[in-house]
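Each chain, written out:
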Amino acid sequence: MGRDQRRTVRELVGAHGQTYADEAGIRLKDTPQPLYRLLVLAHLLSARISASIAVATARALSEAGLRDPRRMAGADWQERVDALGRGGYRRYDERTATQLGEGAELLTERWGGDLRRLRDEADGDVQDLRRLLQEFPGVGPTGADIFLREAQLVWPEAAPYLDRKALQGAERLSLPGDPDRLLALAGKAEPAVLAAALVHAAVDKDVAEQTLAHAA
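If you're wondering where the values come from, they're calculated on a predicted model, not measured in any experiment.

Caption draft 1: Representation of helix α13 (residues 191–203) within the structure. Here α13 is 13 residues long and its end C-alpha atoms lie 18 Å apart, about the 18 Å a rise of 1.5 Å per residue gives. The element α13 is largely enclosed, with a buried count of eleven among its 13 residues. Of all the positions in α13, only Pro191, Ala192, Leu194, Ala195, Ala196, Ala197, Leu198, Val199, His200, Ala201 and Ala202 are classed as buried.

Structure (structure tokens):
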């Protein structure tokens, strides 16, 4: 059974281990701009909208120059609405445009535009990090989970972070629900990459079925 599960995890990670940050063209580093872009992406992904639209919208905001909190806060509301619309984020564009502006102002005023200062305030406590992230308008528990799931690649103190959605993917693949056992099955794969792959299995039944078929 263990060998079969290792094969399943290897197949899944090899085919579907791309993070949403990668898909959105964010070269994640522990520096202010990519971390902010990841926060915006997590905000977009947490709405009831397809991941592909959220990723396209994150790209559209970046192409509009809204890559850091200063520019996001400095843009007028209509400019943010228009960028969201170009990405296909139309159902939530007006509310999200307001939330992005307010969130950028909060980040600038409270943490100097640098999410690493938010991390310092949490002093390495993952639950405090999760709580602080939810102070941004529009970023609830789901958005905080998405951010930490991907940020663990550059914030090792958050790793391993396998949230509820990742564990749903494990369940769909008949894999263990214990994060430590999943990590052991994944071998040298980064926790962020394993989490991304499991999430793809959770949100797309075809991914799970194809993975099991190829691993058989």
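Caption draft 2: Spotlight on the nonpolar core. The biggest cluster of nonpolar side chains holds 70 residues, and the ones touching the most others in it are Leu41, Leu61, Leu115, Phe147, Trp155, Leu194 and Leu198. Looking at this core, the element that brings in the most residues is helix α3 (residues 32–45), giving nine residues. Excluding residues within four positions of it along the chain, Leu61 makes contact with Val40, Leu44, Leu66, Met72, Ala83, Leu84 and Leu100.

Caption draft 3: Examining the confidence of the model for the chain more closely. Per-residue confidence for the chain averages 95 on the pLDDT scale, and 99% of its residues sit at or above 70. No element of the chain has a lower mean pLDDT than helix α1 (residues 2–16), at 91, and none a higher one than α3, at 98.

Caption draft 4: Inspection of the side chain of Gln152 at higher detail. Mapped onto the elements of the fold, Gln152 is located in the loop between α10 (141–151) and α11 (164–172). Using a relative accessible area of 4% as the deciding quantity, one classes Gln152 as buried. Among the polar contacts made by the side chain of Gln152, one reaches the main-chain carbonyl oxygen of Arg149 at a distance of 2.8 Å. A distance of 2.7 Å separates a polar side-chain atom of Gln152 from the backbone nitrogen of Tyr161. Leaving out residues up to four positions away in the same chain, Gln152 has contacts with Ala158, Ala159, Pro160, Tyr161, Pro191, Ala192 and Ala195.

Caption draft 5: Broad picture of a positive patch on the surface. The grouping of Arg164, Lys165, Arg172 and Lys205 at the surface amounts to a positive patch. Per element, the largest residue contribution to the positive patch is three residues, and it comes from α11. Within the fold, Arg164 resides in helix α11. The exposure class assigned to Arg164 is exposed, which follows from its relative accessible area of 65%.

Caption draft 6: Layout of the environment of Arg116. By the element assignment, Arg116 lies in helix α8 (residues 115–122). Sequence separation of Arg116 and Leu194 is 78 residues, and the distance between their C-alpha atoms is 24 Å. In this structure, Arg116 is in contact with Asp30, Thr31, Pro32, Leu35 and Trp155, ignoring residues within four places of it in sequence. Engagement of the side chain of Arg116 in a polar contact is seen with the side chain of Asp114, the distance being 2.9 Å.

Caption draft 7: Summary view of the packing of α8 against helix α9 (residues 126–133). The contact between α8 and α9 brings their axes to 8 Å, and the two run at 135°. Judged by the inter-axis angle, α8 sits oblique to α9. Between α8 and α9 the crossing geometry is right-handed. Facing α8, whose interface residues are Leu118, Arg119, Glu121 and Ala122, α9 presents Asp128, Leu129, Leu132 and Leu133.

Caption draft 8: Quick look at the packing of aromatic side chains. Enumeration according to the criterion identifies three aromatic pairs in this entry. Each ring, one from Tyr89 and one from Tyr92, has its centre 6.0 Å from the other, and the planes form 50°; the classification is tilted. The buried category is assigned to Tyr89, whose relative accessible area is 1%. What makes Tyr92 buried here is its relative accessible area of 13%. Judged by centre distance (5.5 Å) and plane angle (70°), the rings of Phe147 and Trp155 are edge-to-face. Considered together, Phe147 and Trp155 belong to a single accessibility category, that of buried residues.

Rules used throughout
- Residues numbered from 1 in each chain as written.
- Predicted model: local features only at pLDDT ≥ 70, side-chain atom pairs only at ≥ 80, totals over all residues.
- Heavy atoms only, no water.
- Helix = DSSP H or I, 4+ residues; strand = E, 2+ residues; numbered from the N terminus.
- Expected span 1.5 Å × (residues − 1).
- Buried < 20%, exposed > 50% of the residue type's maximum accessible area, 1.4 Å probe, protein only.
- Core = buried A, V, L, I, M, F, W, Y, C linked by side-chain atoms within 4.5 Å.
- Contact = heavy atoms within 4.5 Å.
- pLDDT = per-residue confidence, 0-100.
- Polar contact = N/O pair within 3.5 Å; in protein donor to acceptor, adjacent residues only side chain to side chain.
- Patch = residues over 30% accessible without salt bridge, like charges linked within 9 Å, V, L, I, M, F, W, Y side chains within 5 Å.
- Areas by Shrake-Rupley, 256 points an atom, 1.4 Å probe, with all protein chains shown as cover.
- Salt bridge = Lys/Arg side-chain N within 4 Å of Asp/Glu carboxyl O.
- Lys, Arg positive; Asp, Glu negative; His and termini not counted.
- Charge placed at Lys NZ, Arg CZ, Asp CG, Glu CD.
- Axes fitted to C-alpha atoms, helices over the stretch in contact; angles between N-to-C directions.
- Parallel < 35°, antiparallel > 145°, perpendicular 65-115°, else oblique.
- Left-handed = near helix turned anticlockwise from the far one by under 90°.
- Phe/Tyr/Trp six-rings, centres within 6.5 Å; stacked < 30°, edge-to-face > 60°.

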